Amino acid sequence: MTRHKLRMLHGTGLMILTVAPVAHGQLTDITQTPNAANAGIHKSYEEQIGPGRGDVMTPDSSTFILKRDPARSIRRGRQIFQRKFTVAQGSGPRTGDGVGPIEIEASVGAGMSDSCAACHGRPRGSAGFGGDVFTRPDSRDAPHLFGLGLQEMLADEITQDLRAIQADAIAEAQDQGEDVTLRLVSKGILYGAITAHPDGSVDTSGVKGVNSDLRVRPFFAEGSTISIREFIVGAFNAEMGLESADPDLVAANAGADVVTPSGMLLSGSTDDIEGAPASSPVDDPDEDGVVDEIPSSIVDHTEFYLLNYFKPGRHQMSSVTALGRRVFDRIGCDECHVPDLLIEHDRRIADVETGYDPDAEGFNHLFADAATQFHEVDDGSGYPTLKVPNGKSFLVESIYTDFKRHDLGPGFHEVNFDGSVTTQFMTEPLWGVGSTPPYGHDGRSINLTEVILRHGGEAQKSRDAFDALPEARKGFLLALLRSLVLFPPDDTPSNLNPGDPATPGFPQFGHGSINLGALFNNPADAE
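Residues numbered from 1 in each chain as written. Predicted model: local features only at pLDDT ≥ 70, side-chain atom pairs only at ≥ 80, totals over all residues. Heavy atoms only, no water.

So, on to the overall build of the protein. Each helix and strand counted, the protein has 11 helices and 21 strands in total. Counting only C-alpha atoms, the protein reaches 70 × 60 × 50 Å along its principal axes. Here the protein holds 527 residues, and 51% of them are scored as buried. The contacts of the protein with a sequence gap of at least 6 include a subset with a gap of at least 24, amounting to 66%. Here the protein displays about 21900 Å² of accessible surface, and carbon together with sulfur accounts for 53% of that area. (Helix = DSSP H or I, 4+ residues; strand = E, 2+ residues; numbered from the N terminus. Buried < 20%, exposed > 50% of the residue type's maximum accessible area, 1.4 Å probe, protein only. Contact = heavy atoms within 4.5 Å. Areas by Shrake-Rupley, 256 points an atom, 1.4 Å probe, with all protein chains shown as cover.)

All right, on to the pattern of salt bridges then. For the coordinates displayed, the defined rule picks out 41 salt bridges. For Glu-222, the salt bridge goes to Arg-140, with nearest N and O atoms at 2.8 Å. Of this pair, Glu-222 sits in the loop between strand S7 (202-203) and helix H5 (228-240) while Arg-140 sits in strand S4 (residues 140-141), and the two are 82 residues apart along the sequence. Each member of the pair, Glu-222 as well as Arg-140, is classed as buried. The partner of Glu-157 in a salt bridge is Lys-187, with the nearest N and O atoms 2.8 Å apart. Highlighted residues: Glu-157 in helix H4 (residues 148-176) and Lys-187 in the loop between strand S5 (180-186) and strand S6 (189-196), separated in sequence by 30 residues. Through salt bridges with shared partners, one network takes in Lys-311, Arg-314, Asp-346, Arg-348, Asp-351, Glu-353 and Glu-397. (Salt bridge = Lys/Arg side-chain N within 4 Å of Asp/Glu carboxyl O.)

The next thing to look at is the nonpolar core. Residues Phe-236, Leu-306 and Phe-403 are the most contacted members of the largest nonpolar core, which totals 84 residues. With residues up to four places along the chain from it excluded, the contact list for Phe-236 reads Ile-80, Phe-85, Cys-116, Gly-241, Leu-242, Ile-294 and Thr-302. Grouped together as the second largest cluster of nonpolar side chains are 19 residues, Cys-333, Leu-430, Val-451 and Leu-469 included. (Core = buried A, V, L, I, M, F, W, Y, C linked by side-chain atoms within 4.5 Å.)

Turning to the layout of surface pockets, a few remarks are in order. The volume enclosed by the second largest pocket comes to roughly 450 Å³. For the second largest pocket, the lining is made up of 27 residues, of which Ser-262, Gly-263, Met-264, His-345 and Arg-347 are closest to its centre. Sort the elements by how many residues they give to the lining of the second largest pocket and H4 lands first, with 6 residues. Considering only residue class, the lining of the second largest pocket consists of 11 nonpolar, 7 polar and 9 charged. (1 Å grid on protein atoms, 1.4 Å probe; cavity = no way out; pocket = protein on both sides within 12 Å on 5 of 7 lines; lining within 4 Å. Points joined across faces, edges and corners; volume = space filled by probe spheres on them. Nonpolar A, V, L, I, M, F, W, Y, C, P; charged D, E, K, R; others polar.)

This part takes up the packing of H5 against helix H7 (residues 296-307). One can describe the packing of H5 onto H7 by two numbers: an axis separation of 9 Å at closest approach and a directional angle of 125°. If you check the angle between H5 and H7, you find them oblique. Every pair of crossing elements has a handedness; the one defined by H5 and H7 is right-handed. Contact residues: Ile-228, Arg-229, Ile-232, Val-233 and Phe-236 in H5; Ser-296, Val-299, Asp-300, Thr-302, Glu-303, Leu-306 and Leu-307 in H7. (Axes fitted to C-alpha atoms, helices over the stretch in contact; angles between N-to-C directions. Parallel < 35°, antiparallel > 145°, perpendicular 65-115°, else oblique. Left-handed = near helix turned anticlockwise from the far one by under 90°.)

Bringing the side chain of His-406 into the picture now. Locating His-406 in the fold gives a position in strand S17 (residues 405-406). On the basis of relative accessible area, His-406 is assigned to the buried category, the value being 6%. Side chain to side chain, His-406 and Thr-427 meet in a polar contact 3.4 Å long. Beyond its immediate chain neighbours, meaning those up to four positions away, His-406 contacts Cys-336, Thr-423, Gln-424, Phe-425, Thr-427 and Glu-458. (Polar contact = N/O pair within 3.5 Å; in protein donor to acceptor, adjacent residues only side chain to side chain.)

By the element assignment, Val-352 lies in strand S12 (residues 350-356). Residue classification places Val-352 among the buried positions, given a relative accessible area of 7%. Taking C-alpha positions, Val-352 is 6.4 Å from Ala-371, a pair spaced 19 residues apart along the chain. Setting aside its immediate chain neighbours within four residues, Val-352 contacts Phe-310, Lys-311, Ala-368, Asp-369, Ala-370 and Ile-514.

Below you can see the structure in the form of structure tokens.
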């Protein structure tokens, strides 16, 4: 069948190979736009919503699907992400219909999109990059969302580590009756130091790269959002005019501690959690006559999709890219762009490793290997088994970030609508950088060399070291960066669907894909 071994799925000892239906970026559903090619989303929006969140005993609810048929939940989230929403479903208007005090509410300048994929759609059909919004005078480019769940988990674990160190410092200071200073180190990364006083107060002036509350906020260039769920609900509203009364955000914003269906703790008692744009399902804040535009079940599937979304791939690795890594480390790039980071407790139900394959046929020389990361529990209900994440540790390779804010000098500073200037930004993970020109949060740098030379401030020494390199050594480093790629999941052959080059019309027909349908409880029921 193929030189690649298919992994055994669901612990059944069965090897499953199915051919995925044709899928594209930005999709309509075929109940609204029937066509001979049968291209589009196979379920109506009402079917995607189902009976709401429900529970593990409510068939077709988001909780039931997420817990008993998790691959389907991921795929449904993907189809929601690609869906082109209609006016009848609540699409639009954007914030203030694009009119209002933009100095106070930058989303007034956000684009009016009818699909998440309108901003995050390159490569084709992925949760990629490609959008640009006028939320700053010099605009912001939409980053890719590959590996988003891994970033959320790493940032949350770092936060827990830093806060544990703070708690230890306070306890020691109170026990010893004198000030105690401890270094803030998590996953080998230094976030400065914190000094605790015997009265329980702390001096955070030595904290570096994160807020004084020690919460790592991994999302948006300035590092302002904690969780995928906040990001989703905010984007539906600001970029698409779709409001949600998400109960998790409503409760956490009011001070409650809430664990989302994807397992993320939103600690309203400790953190300032962003609220939902609608206060209840009957609220109509944009006065378009449509209420409950994004029910909690839709948010559940979309959050689970992005938690489990594929990490970027690696294209051809060679002696040249190995030399590039040595140059990268030698000139100090790895001080901020830390290559590999360990997650202690992985909440995902699967991992996909995508890499170069010289024998792969189709659109790119890439092949993906998917492996499940859950175990099954029979709860005696008569329903399909519960699929429980294994929760083991996982080494995140080639992410190249430190989850800290840095000042990279005037070249990266950003003017705001009120005339103020933001000077510190999160270290951008480099994975996928070989596929995402132009560069910088504003898209001003036309290629990798230019964005490296744009660095200053805390990175001035490394920037100057790069500039002084012989051209050959620069080439080694650039080859390493170019090997860090994104890919179109529905067009990338995998052990779930390796494709068949003998198919007439290949690769338009018969190309492989990362076919999550092979993992559904019922693969014949397409999403």
